[in-house]
Amino acid sequence: MSILVTIESTADYPESILRDDIKILQIGYTVNGIAYDGVENKLTPHEFYEVVARAKTASDLPQTSQIPAFVYEEFFTEYLEKGNDIIHLALDSALSGTVEQARMAAKACQEKFPDRKITVIDSLAACFGQGLLAYYTLLQKDKGLSYDELVKYAEDTKLNINHLFAIDDLNHLCRTGRASKNEAFLGTALHIKPVLYIPNDGRLIPYTKVISQKKAIKTMIETMQKNAVKPGDDIYVGVGAADAPEDRDFINGLIQDLGYKTITFDVGPAIGTHVGKGMIVIIYLGSNREDILK
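In short, a report on the structure. (Residues numbered from 1 in each chain as written. Predicted model: local features only at pLDDT ≥ 70, side-chain atom pairs only at ≥ 80, totals over all residues. Heavy atoms only, no water.)

## Considerations on the sheet that holds strand S1 (residues 3-8)
Thought 1: The 4 strands are arranged S2-S1-S6-S7 in an open sheet whose pairing can be described as parallel. The open sheet terminates on both sides in strands that have one partner only, identified here as strand S2 (22-25) and strand S7 (118-122). Taken pair by pair, the neighbouring strands of this sheet meet at an average axis angle of 20°, ignoring direction.
Thought 2: Examined bridge by bridge, S1 and S2 share 4 bridges and lie parallel to one another. If you follow Thr6 over to S2, its bridge partner there is Lys23. (Pairing = 2+ DSSP bridges. Helix = DSSP H or I, 4+ residues; strand = E, 2+ residues; numbered from the N terminus. Axes fitted to C-alpha atoms, helices over the stretch in contact; angles between N-to-C directions.)

Structural data, given as structure tokens:
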């Protein structure tokens, strides 16, 4: 018997930290009527974001859909029938209804496999926030924590996973209805970059607005330093971008200069279709998420 941690591909979990005891349920997407499963057939990050950048309206954007309960049930069953127990860290319930589908599937699986354990936790996290919570849970497993202790750890830790996002393409926010045409026009002309975060209720909301990408990066680093756990052997900061590798590498260097180990990742289709090309992300373990407001 083994304990597995499972997540959706919305977690943007990079290959560099993959291991046998984490399993990822891929969320497919459709581009111009062509379906991609994200496994056998998929676009590279650059190809995907080129499609996003060329979109003129929301209908031109890649489309993703909520995972139904029967897909979760098939996914969980594959591992439960092999004698594994599962801790599923689901995508933020404030951003998607998938957690309820996962819970329905887990209930059905528990009835089919009464001797196995399966728990679905609302991560209240997105992008690699979901992935970093999974990674830290696996590190605790390595220390010998039991199944119940790991469930408690994930629940107790999830609101200490902090997210900071800086949006580069305001025209994309206009296409998706998150900004007006006037806001997009003025914001683009003035090089305004919204910085967003995820508070305890899981919503993605504005933190501040700054002028220029350089200022956005500076603001994100300074904000992280407000409540991040100090550097240490098992302390990691996730640094990602939506097809902006130069910005990601620059931020990665700045954070490493502060003494932190880093994990770099690409923002994938499930999140990327909503935020647009050029977004940058910092994910880190800290005190409660809302402490950055103090």
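Past the structure itself, the notes keep going.
## Overview of the pattern of salt bridges
Thought 1: Tallying each qualifying case throughout the model produces 18 salt bridges.
Thought 2: Between Glu50 and Lys277 there is a salt bridge, and its shortest N-O distance comes to 3.5 Å. On the criterion of sequence distance, the pair formed by Glu50 in helix H1 (residues 45-54) and Lys277 in the loop between helix H10 (269-275) and strand S13 (280-285) is long-range, its members being 227 residues apart.
Thought 3: Residue Lys277 is joined to Asp243 by a salt bridge in which the shortest nitrogen-to-oxygen separation is 2.4 Å. Remark: Asp243 occurs in the loop between strand S11 (236-241) and helix H9 (245-257) and Lys277 occurs in the loop between H10 and S13; sequence separation between them is 34 residues.
Thought 4: On the basis of relative accessible area, Lys277 is assigned to the partly exposed category, the value being 24%.
Thought 5: Overall, Asp243 belongs to the buried group, its relative accessible area being 19%.
Thought 6: Sharing partners across several salt bridges, the network here consists of Arg19, Asp21, Lys141 and Asp142. (Salt bridge = Lys/Arg side-chain N within 4 Å of Asp/Glu carboxyl O. Buried < 20%, exposed > 50% of the residue type's maximum accessible area, 1.4 Å probe, protein only.)

## Observations concerning the nonpolar core
Thought 1: Counting 76 residues, the largest nonpolar core has Tyr13, Leu89, Tyr136, Ile255, Val267 and Ile282 as its most contacted members.
Thought 2: Considering each element in turn, this core owes the most residues, 8 residues, to helix H4 (residues 128-142).
Thought 3: Formed by 19 residues, the second largest nonpolar core is a distinct cluster that contains Phe75, Tyr79, Ala106 and Ile118. (Core = buried A, V, L, I, M, F, W, Y, C linked by side-chain atoms within 4.5 Å.)

## Examining unusual backbone geometry
Thought 1: At Asp12, a position not held by glycine, the phi torsion is positive, near 50°.
Thought 2: The residue Asp12 is located in the loop between S1 and S2 in this model.
Thought 3: Judged by relative accessible area, which is 8%, Asp12 ranks as buried.
Thought 4: We note that Leu124 has phi near 50°; this positive angle belongs to a residue other than glycine.
Thought 5: Relative to the elements of secondary structure, Leu124 occurs in the loop between S7 and H4.

## Some remarks on the environment of Lys82
Thought 1: Residue placement: Lys82 occurs in the loop between helix H2 (69-80) and strand S6 (85-90).
Thought 2: What makes Lys82 exposed here is its relative accessible area of 60%.
Thought 3: Separated by 80 residues in the primary sequence, Lys82 and Ser2 place their C-alpha atoms 9.3 Å from one another.

## Examining the pairing of S1
Each regular strand carries side chains that alternate between the two faces of the sheet.
Thought 1: Counting buried positions along S1 yields 6 of 6 residues, so the element is predominantly enclosed.
Thought 2: A two-sided burial pattern is seen for S1, the buried positions comprising Ile3, Val5 and Ile7 on one face and Leu4, Thr6 and Glu8 on the other.
Thought 3: Relative to S6, S1 runs parallel, the two being bridged by 4 bridges. In the sheet register, Ile3 faces S6, and the bridge partner there is Asp85.

## Points about the environment of Val5
Thought 1: Structurally, the position occupied by Val5 is in strand S1.
Thought 2: In the structure, Val5 is positioned 15 residues away from Asp20 in sequence and 9.8 Å away in space, judged by C-alpha atoms.

## A look at helix H5 (residues 147-157)
Thought 1: All of the buried residues along H5 are Tyr147, Leu150, Val151, Tyr153, Ala154 and Thr157. In an axial view of H5, the angular spread of the buried residues amounts to 160°, which keeps them on one side of the axis. Exposed side chains of H5 directed beyond 90 degrees from the buried face belong to Asp148 and Lys152.
Thought 2: Packed against the buried residues of H5 are S1, S6, S7, H4, strand S8 (161-166) and S13. (Arc of directions from axis to C-beta. Contact = heavy atoms within 4.5 Å.)

## Focus: the side chain of Thr262
Thought 1: Mapping Thr262 onto the fold places it in strand S12 (residues 261-266).
Thought 2: A relative accessible area of 18% means that Thr262 is categorised as buried.
Thought 3: At 2.7 Å, the side chain of Thr262 and the side chain of Asn252 are in polar contact.
Thought 4: Side-chain polar atoms of Thr262 contact the side chain of Gln256, separated by 3.0 Å.
Thought 5: If near-sequence neighbours (up to four positions away) are discounted, Thr262 is found in contact with Val237, Val239, Asn252, Ile255 and Gln256. (Polar contact = N/O pair within 3.5 Å; in protein donor to acceptor, adjacent residues only side chain to side chain.)

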